[in-house]
Structures are given as C-alpha cells and as structure tokens.
Amino acid sequence: MIAQASEHTALNLAAHPFGWLLLIIFVVGYYFIAVEEKYHLDKAKPALFIGTLMYVLIGGYYFINGVDFTPFEAAIDHLILEIAEIFFFLFVAMTFIEALIERGVFGALRSKLIAKGYGYRELFWITGLLAFFISPIADNLTTALILSTVLLTIDGKDKAFLVPSAINVVVAANAGGAWSPFGDITTLMVWAAEKGAFVEFLYLFPAAFFGWLVTAFLLSRYVPDLDPNKDGDPDAASKIEILKGGEVIIGIGALTIALAVIGKQVMHLPPMWGMLFGLSILQLYMYRLQKKHKQDVSIFQAMSKIENNTLLFFFGILAAVGALHFVGFLTYAAELYERFDPTVVNIGVGFLSAIVDNVPVMSAVLKANPAIDQAQWMLVTMTAGIGGSLISFGSAAGVGVMGKMPGIYTFASHIKLGWTVLLGYIVSIAIWYVQFIVLGYY
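Residues numbered from 1 in each chain as written. Predicted model: local features only at pLDDT ≥ 70, side-chain atom pairs only at ≥ 80, totals over all residues. Heavy atoms only, no water.

### Concerning unusual backbone geometry
Note the following rule: Think of it this way: any DSSP run of H or I at least four residues long counts as a helix, any run of E at least two long counts as a strand, and we number them from the N terminus.
Positioned with a positive phi, H268 is a non-glycine residue whose angle comes to about 55°. Assignment of secondary structure puts H268 in the loop between helix 13 (246-265) and helix 14 (271-292).

Okay, here's the thing in structure tokens:
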C-alpha cells in the first residue's frame, strides 16, 4: 500500500483495520445524528465531530507510516471546494429567506391563503404542488426552505399539520428537482458529465410526479381536517401586508436564482457564484432602503438569524462521507454494475443516497463510469434524487427543513411516516420501467 501511495494515488484502506475504525466512527456518529431527540444533541455536533476527526486520523496515519501526502492534499482541496459551493449556496438562500420574513412576505402569503378559506388539508396540497413545480427552477433546497417557512407562518406549533406537511414539501422538492438538470446537485453532476441531454431529464416527469402524488395522498390522511383560524379572528389575517421593499426583494431573489442558473450554463461558474452576486445586489438594495426610505433593515440582521447548525451539519456530513470515499469504501460501484443487473444496482443507489447523502454517492457512480445505457443513467439520476427523501437528512432539502423546524421535523418524526415515501419511491421506479424499458419512450 505504501508503494501504491508513492505513485501519487491514495491508499485503499477499505479492507484494513484502520479503514474499519473510520467506518465504525461514521456509524456511531450517524447513530447520534439519527437519535438527536433522545439525547437532545443537535445533529450538527456529532456530524462536525466525526467529519473533522476522520480526516485528522487519516492525516495522522499517513504521517506515522511515511505515506506521500500528495493524494491526501488533493482530496482535501477538492472537498473544501465541494463544501464551499454548497455552504455559500445555502448561506445566500437562507439570508434571502430571513430578509423576506423580516419584510413580512411569508406572513402576507399566509394571510392570503387563510383569507381564501383554505383548511389544513388544502394548504398541505398547495404547498406540496408549489414545491414540486418551483424546485426544477429554484433547486430543491431553496424551494424546501421557502415552503417550510410558509408552513411555519401558517401554524408554528401544530405537529399534526407540520410533520406530514414538512415531509410532503421535502418529497415534492426532491421529486421536482429530479426531472430538471438544475433542480438538484446530482442532476447537475449528471448533466455536466454529459450522461444525459437536457430533454432526457424532462422524460422523468411522469415517474417523479406520480411517485410524489402517491406519497402526498397517503400523507394527507394524517393532516387534520381543520381550519387554521379555528381559534382566532378570521379577519385578522387579511390585515397583514408586505413591508416596503418586500416585493423588490422577491424580484432580487428570482434574479439571483436566474444568475445562478445562467452563470452555470453559460459562463461555467459554480451556482454559488451567481448566488453571491445576487446577495451583493440585495445588500446594496437594503442599504438604499435604510438611507432613502428610513427603513430599519440590515442584511447582517438577516444573516444573524441563519440556522448555522444546518450549515455545520452539511460540512460535517460531507467531510465524513468524503473520508469514507478517500479510503476506498465508495470505489466498488463499477464492480456492482458488472456483477448485478444495473436496474437493481441503481435502485439500491437510491437507498444508499438516503443514508450517506446523494452527492458523494452520485460522485462515486460517475467516477466509476459504468457501461450502462441512457435509460439506466436516467434511473440512477432519479433514484439518487428522490431516494434521499426516504430519510430526513438524506437530501439537502431534508436537512434544510430540519434546520427550519427543530424539534418538529426530525429523523424520528420522518421515519414514522417513511413508509409513505417508500411506496411513492416504488411507484416512481415502476413508471420509469414501463416508460423507458417496456415502451422505450425516451
């Protein structure tokens, strides 16, 4: 192994006791993430601990054994770049949401929805549909953050409404992002690797939509058939208005998303670059609100309310999974495609992406570059995207909503209704099979 590393390749430690130690650390950390309610330990703490510890141990192992650090340094550089892109994307998205909350945008939206006489179940379907059709444009994470905020403004305490609605938003956002090249990080990766043309992603719409629809129908049975205003003044909601500048911030937010997409597709800039440029525009506009219109607003007040635990969780979990990948645990994907039916393997990818996050799993598949046809590439794109919905923190959307609803939308609350997500996952695969394999329509 030392000779292998001297040729500027990383050590494969997957079958080595040290590699097993890293895997045990990951499993233990994963356990504490999953049962955060039991120990009242925020998921960011164990995630950040194991993510940083695993790389410290790898660095120590390389030093003690006199191994060439070149592959280790390259892996760290790549990991920092990957995390930074997600970190700053999240940072900007959360800042916009907090700015919109401060300007009363979501309160006004809640007012209009309730003023129309919608009950909890109608609001459940409205937010789900919005999540499904916004995420292909705005990406699944941003969409989930926006719609979960809307849910909290409707009712911030009723778990009977919030839990199934939160699951619905996560599933809808992930499903909606699966049929768009820029609806999810994984679809972007597949598109950038030229494993599917733009139009081919659109063919996944029926499978994604009806899979979500099945899950949503089952979840809706758990939503109380009540009026959100049952304990309050039904006319009070209609009096809430958006504060000055709120509409403009909505426009800047839409422009920011467009800049992220155009920057990626036209100028080959990472999506976070367009997001940060949009943030600079937001900063300048809020400065104008302060000076010209004497509005008590500050971009830094919005930033101070960001769920930093969500950002740290992403850092930790991506670092931990990156460590497993670096020591060789995610390098056997190509062999699986050779030994088993590609359809079975790609379905398994969906379950794996729910456990270790879909980004590194898709990265491993793309690096393995198995010899599969376009139908199979579309299947793995869909399963990696929607498979993350099976567990609360299996996707960026789920982690974002957990950060917005601490103590409400959790691993445990999601698992209790996880069977509804599983049935929708099965339906999506069945529709893909009929459309792509039986009918050959793609």
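### Concerning the layout of surface pockets
Stated formally: Think of a 1 Å grid over the protein atoms and nothing else: a 1.4 Å probe that fits but is trapped marks a cavity, an open set flanked by protein within 12 Å on at least five of seven lines marks a pocket, and residues with an atom within 4 Å of a point count as lining. Grid points are joined across faces, edges and corners, and a volume is the space filled by probe spheres set on the points. Any residue outside Ala, Val, Leu, Ile, Met, Phe, Trp, Tyr, Cys, Pro, Asp, Glu, Lys and Arg is labelled polar, Gly included; the first ten of those are nonpolar and the last four are charged.
The calculated volume of the largest pocket comes to roughly 1100 Å³. Lining the largest pocket are 46 residues, and of these E82, E85, I185, M189 and V359 sit closest to its centre. Elements represented by at least two residues in the lining of the largest pocket include exactly helix 5 (70-102), helix 7 (120-138), helix 8 (140-154), helix 10 (185-192), helix 13, helix 14, helix 16 (308-326) and helix 19 (358-368). In terms of residue count, the dominant contributor to the lining of the largest pocket is helix 5 (10 residues). Looking at the lining of the largest pocket, its residues break down into 33 nonpolar, 7 polar and 6 charged. A volume near 550 Å³ is recorded for the second largest pocket. Along its surface, the second largest pocket is lined by 28 residues, and L100, F106, I134, I146 and I250 are the ones closest to its centre.

### A few points about the packing of helix 18 (residues 342-356) against helix 23 (residues 418-438)
Stated precisely, the cut-off is as follows: Between N-to-C directions, angles cover 0 to 180 degrees, with each direction set by a line fitted to C-alpha atoms, over the stretch in contact for helices. Every angle not falling under 35 degrees, over 145, or within 65 to 115 is termed oblique; those three ranges are roughly parallel, roughly antiparallel and roughly perpendicular. By convention, the crossing between two helices is left-handed when the near helix turns anticlockwise from the far helix through less than a right angle, and right-handed when the turn is clockwise. Should any heavy atoms of two residues lie within 4.5 Å, those residues are counted as being in contact.
Put simply, helix 18 and helix 23 touch, their axes get as near as 12 Å, and they point 150° apart. When the interaxial angle is binned, helix 18 and helix 23 end up roughly antiparallel. Judged by the sense of rotation from one axis to the other, the crossing of helix 18 with helix 23 is right-handed. For the pair helix 18 and helix 23, the contacting residues are T343, N346, I347, G350 and F351 in the first and L422, Y425, I429 and W432 in the second. Split into classes, the residues belonging to the contact of helix 18 with helix 23 amount to 6 nonpolar, 3 polar and no charged.

### Here's the deal with the packing of aromatic side chains
We apply this condition: Side-chain rings of Phe, Tyr and Trp, where Trp is taken by its six-membered ring, are said to pair if the distance between their centres is within 6.5 Å; with planes under 30 degrees apart they count as stacked, over 60 as edge-to-face, and otherwise as tilted. The cut-offs for exposure are 20% and 50% of the maximum accessible area for each residue type, with area from a 1.4 Å probe on protein chains only; residues under the lower value are buried, those over the upper are exposed, and the others partly exposed.
The final tally for this structure, using the stated rule, is 30 aromatic pairs. Residues F32 and Y39 carry aromatic rings whose centres are separated by 5.3 Å and whose planes lie at 50° to one another, so their mutual orientation is tilted. Considering the side-chain rings of Y62 and F326, the 5.9 Å spacing of their centres and the 40° angle between planes classify their relative orientation as tilted. With Y62 in helix 4 (residues 44-64) and F326 in helix 16, this pair connects stretches of sequence that are 264 residues apart. Each member of the pair Y62 and F326 is classed as buried. Through pairs of rings, three or more aromatic residues link up here, namely F124, W125, F132, F133, W179, F205, F209, F210 and W212.

### Some words on the environment of L130
As for its placement among the helices and strands, L130 is situated in helix 7. For L130, a relative accessible area of 38% translates into the label partly exposed. Separated by 11 residues in the primary sequence, L130 and G119 have C-alpha atoms spaced 16 Å apart. In this structure L130 touches T143 and L147, once residues within four positions along its chain are discounted.

### Things to note about helix 16
The test is simple: What a helix is expected to span follows from its residue count: subtract one and scale by 1.5 Å.
Between its terminal C-alpha atoms helix 16 stretches 27 Å, which fits the 27 Å expected from 19 residues at 1.5 Å a residue. Most of helix 16 is tucked away, with 14 of its 19 residues classed as buried. At the C-terminal side of helix 16, G328 shows a positive phi close to 110°.

### Details of helix 7
Applied cut-off: Bend, at a single residue, is the angle you get between axes fitted to the 7 residues ending at that residue and the 7 residues starting at it.
With 19 residues, helix 7 should reach 27 Å at 1.5 Å per residue; the first-to-last C-alpha distance of 25 Å fits that figure. Of all the bends found along helix 7, the most pronounced is centred on F132 and spans about 25°, while P136, a proline, follows it within four residues. The set of residues buried in helix 7 consists of Y120, L123, F124, T127, G128, A131, F132, S135, P136 and A138. Where helix 7 is buried, its residues touch helix 6 (105-115), helix 8, helix 9 (159-178), helix 12 (205-220) and helix 13.

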